[in-house]
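Understanding the architecture of this molecule
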Amino acid sequence: MMNSIDIKQKDKEYVAATYARFDLALTHGEGSYLYDAEGKRYIDMSSGIAVNTLGTADPGWVRAVTEQLSRLSHTSNLYYSEPGALLAEQLCTRTGARSVFFSNSGAEANECAIKCARLWAAKNKGSEYFGIITLKNSFHGRTVTTLAATGQEVFHTDFTPLTEGFYYAEAGNLASVEELLKGKKCAAVMMEPVQGEGGVVPLSREFVLGVFELAEKYNVLVIFDEVQTGNGRSGYLYAYEAFGKAPDILSTAKGLGGGLPIGATLFFEKTHGTLGAGQHGSTFGANPVAAAGALHVLSRLDGEFLASVREKSEYIISALSDAAGIVSVSGMGLMLGIETVADAGAVISECMRRGVLVIKAKTKVRLLPPLNIPTEALREAVEVIKSVAAELANK
Ligand SMILES: *Cc1c(COP(=O)(O)O)cnc(C)c1O
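These remarks concern the structure in this document. (Residues numbered from 1 in each chain as written. Predicted model: local features only at pLDDT ≥ 70, side-chain atom pairs only at ≥ 80, totals over all residues. Heavy atoms only, no water.)

**Let's talk about the environment of V211**
Relative to the assigned elements, V211 resides in helix 9 (residues 205-217). The contact partners of V211, leaving out residues within four places of it in the chain, are L174, V189 and M191. (Helix = DSSP H or I, 4+ residues; strand = E, 2+ residues; numbered from the N terminus. Contact = heavy atoms within 4.5 Å.)

So this is what it looks like as structure tokens:
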């Protein structure tokens, strides 16, 4: 095994420099604990950016994945296979969706949602209704089309021309949504229930329900990007449940596979059957191993488990909200953003030095622990964050 210095050196030499990495190389983990090559232990409060739903090397998940791995690891979508069929059934019966398209990432799940919305509009309103309204400060992915959907100019610079037809409304401002619906020929409104990369900013209930009303009035679809909020992260299986209204299309990825790459686009009543044979595809989509991992994740996310996510969320919020050096806590479930008096980057580095891995979202410290993090580990991590936020605030 390589030591940390060698790993970092080789990475710097050969991996494209698109990531500003922390000065840390992880080699293994168990549950909510991660280790570097020298054996230093860290409490995982980021889950590989909301991916490791059940932590690292969860025994049940490993069993489900390795059993599938030794039976059939890939077939292509030219044939039927069991894990994808069972996973689609689970996703539909637990959400009320009618059908599912599988891909490998959040960006691809959104690409599919966007293609479906355009096709739906072409069939139902006319192909000139290709516009999609997204929100300022949103994040929908890194492909040229999902970058266009992303309402943050910093990501667009120097990659233009992007895909046409994306218009940005202001989160929380229904009038700005309606103005675009009136002025542009649109197919859909697309939004994250909690803007993750945008700084863990939840949309208000009033705004979300208002968007549903506007969508009906102007005959456009509602797309929920639940790539980050989905799969139990919000304290609900999918965050839309908190609003009591299902979208017409829901995209998800990150935590679905519990550590394996899988994306899913769920079609509800209005959009079921829109995409037909030959209109979309993905070589690895519904890969049996990734699907087996996802099936296991979903089997664990029952009512009791989701209630425990909400309890842990409340514990973090109450422990940190009024703590010294902390300005506010935002978010939903185990997707929380902490505004600190001290610079978030400095807080994150010091937490890392003290063995707690948290990440950044804009100017906030972002917490995305494994959903099954044991109380003991969670308390220890919260205490470290609390001390660091307080100490650095006084510097
Ligand atoms: C991470 C993320 C994406 C992009 O997912 P990738 O798997 O990196 O392509 C899209 N939307 C949201 C809301 C995300 O958090």
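**A closer look at unusual backbone geometry**
Excluding glycine, most residues fall at negative phi; most peptide bonds, likewise, are trans. With an omega dihedral of 0°, the bond running from T160 to P161 counts as a cis peptide bond. Of note in this structure, N219 is not a glycine but carries a positive phi near 55°. Within the secondary structure, N219 sits in the loop between helix 9 and strand 10 (221-225). Taking the relative accessible area as the measure of exposure, N219 reaches 34% and is therefore partly exposed. If you check the backbone angles, K362 has positive phi at about 55° while not being a glycine. (Buried < 20%, exposed > 50% of the residue type's maximum accessible area, 1.4 Å probe, protein only.)

**Looking at the layout of surface pockets**
The calculated volume of the second largest pocket comes to roughly 640 Å³. Together, 30 residues line the second largest pocket, and N77, V100, F101, F102 and A286 are the ones closest to its centre. Broken down by secondary-structure element, the contributors of at least two residues to the lining of the second largest pocket are helix 4 (82-95) and strand 4 (99-103). Per-element accounting of the lining of the second largest pocket gives the leading share, four residues, to strand 4. Its residues assigned to classes, the lining of the second largest pocket shows 13 nonpolar, 17 polar and no charged. (1 Å grid on protein atoms, 1.4 Å probe; cavity = no way out; pocket = protein on both sides within 12 Å on 5 of 7 lines; lining within 4 Å. Points joined across faces, edges and corners; volume = space filled by probe spheres on them. Nonpolar A, V, L, I, M, F, W, Y, C, P; charged D, E, K, R; others polar.)

**Focus: the sheet that holds strand 14 (residues 335-340)**
Taken in spatial order, the four strands make up an open sheet running 13-14-17-16, and their pairing is antiparallel. Across the chains shown, the open sheet's two edge strands, defined by having one partner strand only, are strand 13 (326-332) and strand 16 (359-361). The mean angle between the axes of side-by-side strands here comes to 35°, regardless of whether they run parallel or antiparallel. By the bridge criterion, three bridges tie strand 14 to strand 17 (residues 364-367) in an arrangement that is antiparallel. For I338, the partnering residue across the bridge sits in strand 17 and is V365. (Pairing = 2+ DSSP bridges. Axes fitted to C-alpha atoms, helices over the stretch in contact; angles between N-to-C directions.)

**A look at the site of the ligand**
In the vicinity of the ligand, the residues found are S105, G106, A107, N110, F139, H140, G141, E192, D225, V227, Q228 and K254. Within the backbone of G106, a nitrogen or oxygen atom sits 2.8 Å from an oxygen atom of the ligand. Here an oxygen atom of the ligand and a side-chain polar atom of K254 are 2.6 Å apart. With three residues, helix 5 (residues 106-124) is the largest single contributor of residues to the shell around the ligand. Split into classes, the residues belonging to the shell around the ligand amount to three nonpolar, six polar and three charged. (Near = heavy atom within 4 Å. Polar contact = N/O pair within 3.5 Å; in protein donor to acceptor, adjacent residues only side chain to side chain.)

**Observations regarding helix 9**
Given a rise of 1.5 Å per residue, 13 residues ought to cover 18 Å, and the 18 Å separating the end C-alpha atoms of helix 9 matches this to within 8%. Taken as a whole, helix 9 has its buried residues at F207, V208, G210, V211, F212, L214 and A215. Close packing links the buried residues of helix 9 with strand 5 (131-135), helix 8 (174-183), strand 7 (186-191) and strand 10. Of the residues flanking the end of helix 9, it is N219, one or two places downstream, whose phi is positive at about 55°. (Expected span 1.5 Å × (residues − 1).)

**Quick word on the environment of T150**
Residue placement: T150 occurs in the loop between helix 6 (144-149) and helix 7 (153-156). With relative accessibility at 0%, the residue T150 sits in the buried group. When the C-alpha atoms of T150 and M191 are compared, they prove to be 9.8 Å apart, with 41 residues separating the residues in sequence. Setting aside chain neighbours within four positions, we find T150 in contact with S138, F139, H140, G141, F155, H156 and Y168.

**Considering the sheet that holds strand 5**
Pairing is mixed across the open sheet formed by seven strands, whose spatial order is 4-12-11-10-7-5-6. One side of each edge strand has no neighbouring strand; the edge strands of this open sheet are strand 4 and strand 6 (166-169). Across this sheet, the average inter-strand angle for adjacent strands is 20°, counted without regard to direction. Sheet topology places strand 5 next to strand 6; four bridges connect them, and they run parallel. Counterpart to T134 in the pairing with strand 6 is Y168. Packing against the sheet, helix 5 makes contact with strand 4, strand 5, strand 6, strand 7, strand 10, strand 11 (249-252) and strand 12 (263-267), and its axis sits at approximately 25° to strand 12.

**With respect to the nonpolar core**
Judged by nonpolar contacts, the single largest core of 83 residues is most densely connected at M45, L91 and L367. It is helix 13 (residues 375-393) that contributes the most residues to this core, nine residues altogether. Counting residues domain by domain, this core receives three or more from each of domain 1 (4-53 + 303-393) and domain 2 (61-300). In this view, L91 contacts V100, F102, Y238, L256, A264, L266 and L298; residues no more than four positions away in its chain are not counted. (Core = buried A, V, L, I, M, F, W, Y, C linked by side-chain atoms within 4.5 Å. Domains from an automatic or database assignment.)

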